[in-house]
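A structural walkthrough
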Amino acid sequence: MSTLIITPTAIEPEENYLNAEHTVKSWLLTVDHKRIAVLYLISITFFFIIGGTMATFIRLELLTPQGDLMTAETYNKVFTMHGVFMIFFFLIPSIPATLGNFLVPMMIGARDLAFPRINLLSWYLYIIGGCLALGASIWGGVDTGWTFYTPFSSVYSQSNVVVALLGIFIAGFSSILTGLNFLVTIHKMRAPGLTWFKLPLFIWSHYATSVLMLLGTPVVAITLSLVILERTLGLGIFNPELGGDPVLFQHLFWFYSHPAVYIMILPGMGVISEIVACFSRKAPFGYSMIASASLAIAFLGFLVWGHHMFVTSQSVYAGLVFSFLSFLVAIPSAVKVFNWTATCWKGSVSLETPMLYAFGFIGLFTIGGLTGLFLASMANDIHLTDTYFVVAHFHYVMVGGMVLAYLAGLHFWWPKITGRMYPEWLGRFAAFCVFIGFNLTFFPQFLLGNLGMPRRYHAYPPEFQVLNVLSTAGATVLAVGFALPLFYLLWSLKWGKLAGNNPYNATGLEWQTTSPPTTFNFDSPPDTSDQPYPYHKREVPVER
Amino acid sequence: MSANTPAIHGAPAHTAPTHSAPMHGHAPQADDGHAGEHPYGLAHQFDDVEQQKEAVTIGMWAFLATELMFFGGAIAGYVLYRNTYFHAFNKASGLENWFVGCINTCVLLVSSLTMAMAVFRAHQGDRKGIIKYLIVTMILGATFLGVKAYEYNHLFHERLVPGRNFDVPHHVINADGSIKAEAHAGDAGHGPPHFTPEERRPAMIFFSFYFALTGVHALHMIVGLGLLTWIIIRASKNEFRDGYSSPVEITGLYWHFVDIAWIFLYPLLYLIDRSGHVGH
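If you're wondering where the values come from, they're calculated on a predicted model, not measured in any experiment. (Residues numbered from 1 in each chain as written. Chains lettered and ligands numbered in written order. Predicted model: local features only at pLDDT ≥ 70, side-chain atom pairs only at ≥ 80, totals over all residues.)

Let us look at the overall build of chain A. Regarding its fold elements, chain A presents 16 helices and zero strands. C-alpha extents for chain A along the principal axes are approximately 70 × 45 × 45 Å. Across the 544 residues that make up chain A, the buried fraction comes to 58%. Pairs at least 24 residues apart make up 85% of the contacts formed inside chain A by residues separated by at least 6 positions. (Helix = DSSP H or I, 4+ residues; strand = E, 2+ residues; numbered from the N terminus. Buried ≥ 20, exposed ≤ 12 C-beta atoms within 10 Å, placed from the backbone. Contact = placed C-beta atoms within 7 Å.)

Following this line, the structure appears as structure tokens:
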């Protein structure tokens, strides 16, 4: 197998952003985008572990048909907190707040984001929101599902809904401020000569993500505030008993929460574009198509929310339009998949850990996306609504897509972030564990859903047991795959090989500076003269 | 849109990111001994004053787009119920005091004018002018909030605050369909419209939106007053000079946005049935 990691000759820079200052205060009051990225990295890992623990309990309960591990009420709270933590406190900030925060200024040759202090504020808002959600789950829990459908959430639920909603509301502002910072930074902070079509695709996808964060998040903010007010003061906006319309809540909620799916997946697509190009030693096939597909996904993403509501009182004609528009989103998504595949064609492909994750992403995202089309067909959707088919579909996109892309990016830029290499064979082993464990966990759920097993129940008829046991077994392998990077990445901080400035001989401005970079990123202005991804000019890696 | 106009990145002296650039965030240093090397008010992450000014302005406009969607979500809900419960909303809106709302509209419009004057003075670097106009703006903003408090208090006494005690003027109907008594007549004298039994619950939805929308708006006014206080303090330290006025400008943008939001809320909540030809 060819490998392209170059044995580092460079030594670690004496002064970098990690060792510039050492006090706890210097971390908690930092305005350096790289340090804030590290703060985010630690905090989202914490919430990922909590969400993952909840998932473990879910899979253990579903090992047997009877509800023997926990009561139905406890189960409701466990899957709700799994959803809340994973979506609002892991997936939405995952790539933008960590890799995005670290890389957006570096990829465009800037010293920092446009508003460094707002960047820090956004991390604090995230932490406050996360603590509130955590508090809600410890004191009373929340049993509404992460979707908070009214009137259950606004009137009847006996659990701690208000505090959890407040947490999500505050975390939403963290997301808005991150989007605002990226948007302004990409518009105004690019290095001289770095025109729009010279930008890395990572930047394009983060630009599209920022627009979604800015225009979608406020709508869910006002919606959740109205639910809080309805619950505390007794407004009647979503309560049918008082003449309100519960379906209005679903419209407003999905107006954000469907674009939120693209907030989660678009940055992942940006990561994959970088990695596929680097490990194929080729510029991405159809650069401008991939870039505009990001914008098209962002635009169309705002027009498809009604496909979550085919079984409500929404008019059939509205349903037809939403169905059609949902099919349209498949076009830019497929453009990306085809272009990544074409990038590999006749490329000098090597299978380092990030590339393994990237291939995993392409395959699993394709399955997740195509099953989305099954659900976008109205007649099919009526059969599949609220079954495990839906659960499998969005886990293929969110875990098979987004989490794999996050791991791919984390491994790819780990040498840049820390200056150290992780043990390659362990990385590959973990990538295999994740891929095999993931498919074993979630593919049976497609079958379960098609057989009619409904989601969100703690007990099920015995005929579904075999597939559920398979799923729980897969989850165990998946957990090993997720736990391994936690250990070897931490290990590499002290004992990993020094990475050098550019261990993959990759293009992109972030590789022109030291690893880890200095506080202001570049000691001399980065060279922006080349077209994007000039891999044809880089030497072909040596066969070893 | 291209960010890289020669005007921004043209001067090579500023394009090279300097490792030793001082870190002082957005707050400009009070002492400014070497304007040639490091322009007054320039934060470390920017190359030059022009870039900083454009970034800050775009940032505020993007934030206002967010605000637009925030109010937009609630207004979309309002429009839905306005169509579903057309007559009830007409009558409920009739319980608002349009004249007091009109006074408040005028107060806010004048405050926008004084805000614009303050920005104009900031461009001139006129410290006293900035402070004078901002204080007038703050007085007008506080007046608006005072009038709003008066209205809320009045609605509270009229039992028009959503919740268990909410009630609107209506007839109590006997079993045979005749009118038995008038319940909760409201202010005697100006004869409020009577709500049919089906219209009583939708009336509460109207007032739910009334309090949600005006409440969120008032919250924005309070934030605005806080921002103005901050700007006044900075102006009193003479921080807005040598062409540095971005904080005043973007606070002005925010203030104008909050005014414009009210310009939409006033007709939606107070004026939907003032022609006398619709409803009833």
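Right, picking up where we left off after that structure.
Take the overall build of chain B next. A count of helices and strands for chain B gives eight helices and two strands. Counting from the amino terminus, helix and strand elements in chain B follow one another as α-α-α-α-α-α-β-β-α-α. By the burial criterion, 36% of the 280 residues in chain B qualify as buried.

Bringing the nonpolar core into the picture now. Core analysis: the largest hydrophobic core is formed by 230 residues, its most contacted members being Phe85, Ile272, Ile275 and Ala408 of chain A. Once residues within four sequence positions are removed from consideration, Ile272 of chain A is found in contact with Trp340, Ala358, Phe361, Ile362, Ala405 and Ala408 of chain A. (Core = buried A, V, L, I, M, F, W, Y, C linked by C-beta atoms within 7 Å.)

Turning next to the interface of chain A and chain B. Reports of interface size often rely on the accessible area that becomes lost once the parts have come together. Every contact between the two is made by 42 residues of chain A and, on the other side, 38 residues of chain B. For the side of chain A that touches chain B, the secondary-structure elements that each account for two or more residues are α5 (116-138), α7 (161-188), α8 (201-233) and α9 (246-280) of chain A. For the side of chain A that touches chain B, the leading source of residues is α8 of chain A, giving 10 residues. Here the side of chain A that touches chain B is composed, by residue class, of 27 nonpolar, eight polar and seven charged. (Nonpolar A, V, L, I, M, F, W, Y, C, P; charged D, E, K, R; others polar.)

Two measures define how a pair of helices packs: the angle their axes make with one another and the distance between the axes. Residues and elements named next belong to chain A. Axis separation between helix α2 (residues 33-61) and helix α16 (residues 465-495) bottoms out at 9 Å; the angle between their running directions is 160 degrees. The angle between the axes of α2 and α16 places the two elements in the roughly antiparallel class. Crossing handedness for the pair α2 and α16: left-handed. The residues of α16 that touch α2, namely those facing Gly52, Thr56, Arg59 and Leu60, are Ser471, Thr472, Ala475, Ala479 and Phe482. (Axes fitted to C-alpha atoms, helices over the stretch in contact; angles between N-to-C directions. Parallel < 35°, antiparallel > 145°, perpendicular 65-115°, else oblique. Left-handed = near helix turned anticlockwise from the far one by under 90°.)

For the rest of this paragraph, the subject is helix α12 (residues 353-376) of chain A. One full turn of an α-helix is made of 3.6 residues, so residues set three or four places apart face in the same direction. With 24 residues, α12 of chain A ought to run about 34 Å at 1.5 Å a step, and its terminal C-alpha atoms sit 34 Å apart, in line with that. Most of α12 of chain A is tucked away: 17 of the 24 residues are buried. (Expected span 1.5 Å × (residues − 1).)

To continue, consider the packing of α8 of chain A against helix α10 (residues 287-301) of chain A. Residue and element names in this part refer to chain A. Orientation of α8 relative to α10, taken along the N-to-C sense of each, is 10 degrees, at an axis distance of 9 Å. By the angle between their directions, the pair α8 and α10 is classed as roughly parallel. Contacts between α8 and α10 involve Leu201, Trp204, Ser205, Ala208, Val211 and Leu212 from the former and Tyr287, Ile290, Ala291, Ser294, Leu295, Ile297, Ala298 and Gly301 from the latter. Here the contact of α8 with α10 is built from residues that sort into 11 nonpolar, three polar and no charged.

Below, the discussion takes up unusual backbone geometry. All names here are of chain A. Backbone torsion omega between Thr150 and Pro151 reads -5 degrees, so that peptide bond is classified as cis. Mapped onto the elements of the fold, Pro151 is located in the loop between α5 and α6 (152-156). Looking along the chain, the bond that leaves Ser515 and enters Pro516 is cis, with omega of -10 degrees. Tracing the backbone through its elements, the reader meets Pro516 in the segment after α16. Of note in this structure, Asn505 is not a glycine but carries a positive phi near 50 degrees. Note on placement: Asn505 falls in the segment after α16. Asn505 sits in the partly exposed class, given 16 other C-beta atoms within 10 Å.

Here we take up helix α15 (residues 424-451) of chain A. The terminal C-alpha atoms of α15 of chain A lie 41 Å apart, and with 28 residues this matches the ideal 40 Å at 1.5 Å per residue to within 8%. Gly452 of chain A sits one or two positions beyond α15 of chain A and adopts a positive phi of about 105 degrees.

This paragraph deals with the environment of Thr64 of chain A. Residues and elements named next belong to chain A. In this structure, Thr64 sits in the loop between α2 and α3 (72-91). Accessibility expressed as a C-beta count within 10 Å gives 16 for Thr64, which makes it partly exposed. Between the alpha carbons of Thr64 and Gln465 there is a distance of 6.5 Å; along the sequence they are 401 residues apart.

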